Amino acid sequence: MTHPGRSDGGWRAIPQPSSFRPSCGVWAPQRVRVVADAAALRREAERVEAELAAAGIEPARSAADPTLRLTLPPATEPAPSPSAVAAAGTEGEALPDESFRIRIADDVTVTAASPAGAFRATRQLLHNLRAQGAVPRGTVVSAPAVAERGLHLDTGRKHYPAEWILAQLRAAADVGINIVQWHFSENEGFRIESAAFPEIVSAEHITRAEAAEVVATARDLHIELVPSLDMPGHLRHTLAAHPGLRLPEAPGLATDHALDITREDPIRFALALIDDLIPVFPHSSRWNLGGDEFVDFDRMAEFPALATAARERYGPDGTGFDLLTAFVNRVAAHVRAHGLQARAWNDGLLRSAAEHLDPEVVLTWWTNWNAGMRPVADALAAGHRVVNVNDALFYYVLGENAGYRYPTAERIWAADWHPGLFPAQWGPGGQGAVRQELVRPYPALLLGVSFAVWSDRPGAQTPAEVAEGIRAPLRAMAERAWNAGSALSLEEFAAVDTAIGAAPPTARCAEGVRA
């Protein structure tokens, strides 16, 4: 077998497919007939036909012209695991959801388990056409190693126009990203229109009409939007309009960003704010409620309101961590009642004694920089699903604030990163001393991975500079997330990345498509 992307195989696409068996020649038609064998695939057929036309391949004029056929496997076939599909690649197997098989000869046949799989497959064809003007003949089989490959966008600290967000959706979908977490609220701003609380909305923000276009475009591109409304911390801008809901002041400690979780009225406000935004995301099934950096966790006992409330509720051993966990559990139950899976950042959780974190809360695992933060192993032992957002490699922090460095493909390859490699844990040698790694086959509790843009110093880069800066490292993550690593060398990856270039602009999704 020839591995894709090698100079002897000639497959130029990101992410690389699980396997490629080349045959002689290339597929480079002047005209093509695109056929959808199932109604569910018609949108993908229309899309790829338009994309091929934009690339100079005209629609067919006769039945003799080459055919690109999109098809689904027979419903009677049982679906094997992604690893089984990737390893075997034999004709007649059923495919998991995003998996696909492409047979390239005089005609091309794409067999995918779903429209999303057909979309991933047609990206592979288009990448080759962009990179080298032709598609090598042969058989491609591919399945992702993890179900989620994500991109988090902090639009709370910095306003990004709707057109920029739309462009990032298209660029992300082009390389297999299927989750975009939209972080629209921060200490520095609230940047999406609120119907119930207009007083908290920043002057520069996304309107509901613009948000509706973002939602429709994401759905059309097989991306799920995950709303990210961080609480009970990271609320300075929102609480400036409602100062009576803040955590009471503590000597020498910041509380102007923190919701008072010791009282019922602030909690009800937080839930009402969530209720106001839920209708903006009608197709979402996940919600990130935050839970991180609520207060200085090392000084939790020094906040009088928290210490008093914790003792009253839990006895002499109660702590602010119990109150934080209770708040997260309550918000999680609230969003679950709306049909949404609750997610939260890991740093302040699994640190309580009296309150136990709801095991259904998914932990977006970004860091273990502090000795008090629990290891990934504790989350798995408690039954929590996790998403790896390794801040050491995938945090694109504007201005390289807080000691972060902009991610690069070089550093990702040097770490030999794969979806099971989490940020290192605090140990006897200090920060980053203990390796945290899940090996293949990954446990089902590992849902996936994510890249994150954080706009800490909003003036450090323009939106265009952010888009250019994240392109290569995001693609590096996409390649290694899909394949649980990569058989490509860094030089080979860089060559493919350069060859396929930027994702071309595409037409807006048609009115009513996938609504």
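The structure displayed is predicted, hence computed values, not measured ones.

### What to know about the packing of aromatic side chains
Here comes step 1: One pass over the full model with this rule turns up 16 aromatic pairs.
Here comes step 2: When the ring of Trp 345 is compared with that of Trp 454, the centres are 5.8 Å apart and the planes differ by 55°; the resulting orientation is tilted. Of this pair, Trp 345 sits in strand β14 (residues 341-345) while Trp 454 sits in strand β20 (residues 446-454); the two residues are 109 residues apart in sequence, bridging distant segments of the chain. Just as Trp 345 is buried, Trp 454 falls in that class too.
Here comes step 3: Pairing Phe 394 with Phe 451 gives two aromatic rings, centres 6.2 Å apart and planes at 50°, and the pair type is tilted. In this pair, Phe 394 sits in helix α11 (residues 391-394) while Phe 451 sits in strand β20, placing the two residues 57 residues apart along the sequence.
Here comes step 4: Each member of the aromatic cluster is reached from another via a ring pair, and the members are Trp 345, Trp 366, Tyr 395, Tyr 404 and Trp 454.
Here comes step 5: Across from the ring centre of Tyr 160, 5.9 Å away, lies the NZ or CZ of Lys 158, which sits over that ring.

### Here we look at the pairing of strand β9 (residues 179-183)
Here comes step 1: Within β9, five of the five residues are buried, leaving the element largely enclosed by the surrounding structure.
Here comes step 2: Crossover strand β8 (residues 148-154) to β9 through helix α4 (residues 162-174) is right-handed.

### Observations regarding the pattern of salt bridges
Here comes step 1: Within this structure, the stated rule accounts for 32 salt bridges.
Here comes step 2: The closest approach of N and O atoms between Arg 330 and Glu 264, which form a salt bridge, is 2.6 Å. Of the two residues, Arg 330 sits in helix α9 (residues 320-337) while Glu 264 sits in helix α7 (residues 264-277), which places them 66 residues apart along the sequence.
Here comes step 3: Take Glu 264: its relative accessible area is 31%, and that puts it in the partly exposed class.
Here comes step 4: The shortest N-O distance in the salt bridge between Arg 385 and Glu 360 comes to 3.1 Å. With Arg 385 in the loop between α10 (376-381) and β16 (386-388) and Glu 360 in the loop between β14 and β15 (362-365), this pair connects stretches of sequence that are 25 residues apart.
Here comes step 5: Among the residues examined, Arg 385 registers a relative accessible area of 23% and is labelled partly exposed.
Here comes step 6: One continuous salt-bridge network, built from bridges that share partners, spans Arg 130, Asp 174, Arg 471, Arg 475 and Asp 497.

### Some details on the sheet that holds strand β3 (residues 58-59)
Here comes step 1: With mixed pairing, the seven strands of this open sheet are ordered in space as β1-β7-β5-β6-β4-β2-β3. Looking at the sheet topology across the chains shown, the edges are occupied by β1 (19-27) and β3.
Here comes step 2: Pairing between strand β2 (residues 31-36) and β3: two bridges, direction parallel. Bridge pairing in β3 places Val 32 opposite Pro 59.
Here comes step 3: Relative to the sheet, helix α3 (residues 115-132) contacts β4 (67-71), β5 (100-104), β6 (108-112) and β7 (135-142), its axis offset from that of β5 by approximately 45°.

### What to know about the nonpolar core
Here comes step 1: Judged by nonpolar contacts, the single largest core of 110 residues is most densely connected at Trp 182, Ile 192 and Val 453.
Here comes step 2: A total of eight residues in this core trace back to one element, the largest contributor, which is α9.
Here comes step 3: Of all hydrophobic cores here, the second largest spans 28 residues; its members include Trp 11, Ile 57, Ala 121 and Leu 126.

What counts and how
- Residues numbered from 1 in each chain as written.
- Predicted model: local features only at pLDDT ≥ 70, side-chain atom pairs only at ≥ 80, totals over all residues.
- Heavy atoms only, no water.
- Phe/Tyr/Trp six-rings, centres within 6.5 Å; stacked < 30°, edge-to-face > 60°.
- Helix = DSSP H or I, 4+ residues; strand = E, 2+ residues; numbered from the N terminus.
- Buried < 20%, exposed > 50% of the residue type's maximum accessible area, 1.4 Å probe, protein only.
- Lys NZ or Arg CZ within 6 Å of the ring centre and 35° of its normal.
- Right-handed = clockwise from strand over helix to strand, strands pointing away.
- Salt bridge = Lys/Arg side-chain N within 4 Å of Asp/Glu carboxyl O.
- Pairing = 2+ DSSP bridges.
- Contact = heavy atoms within 4.5 Å.
- Axes fitted to C-alpha atoms, helices over the stretch in contact; angles between N-to-C directions.
- Core = buried A, V, L, I, M, F, W, Y, C linked by side-chain atoms within 4.5 Å.

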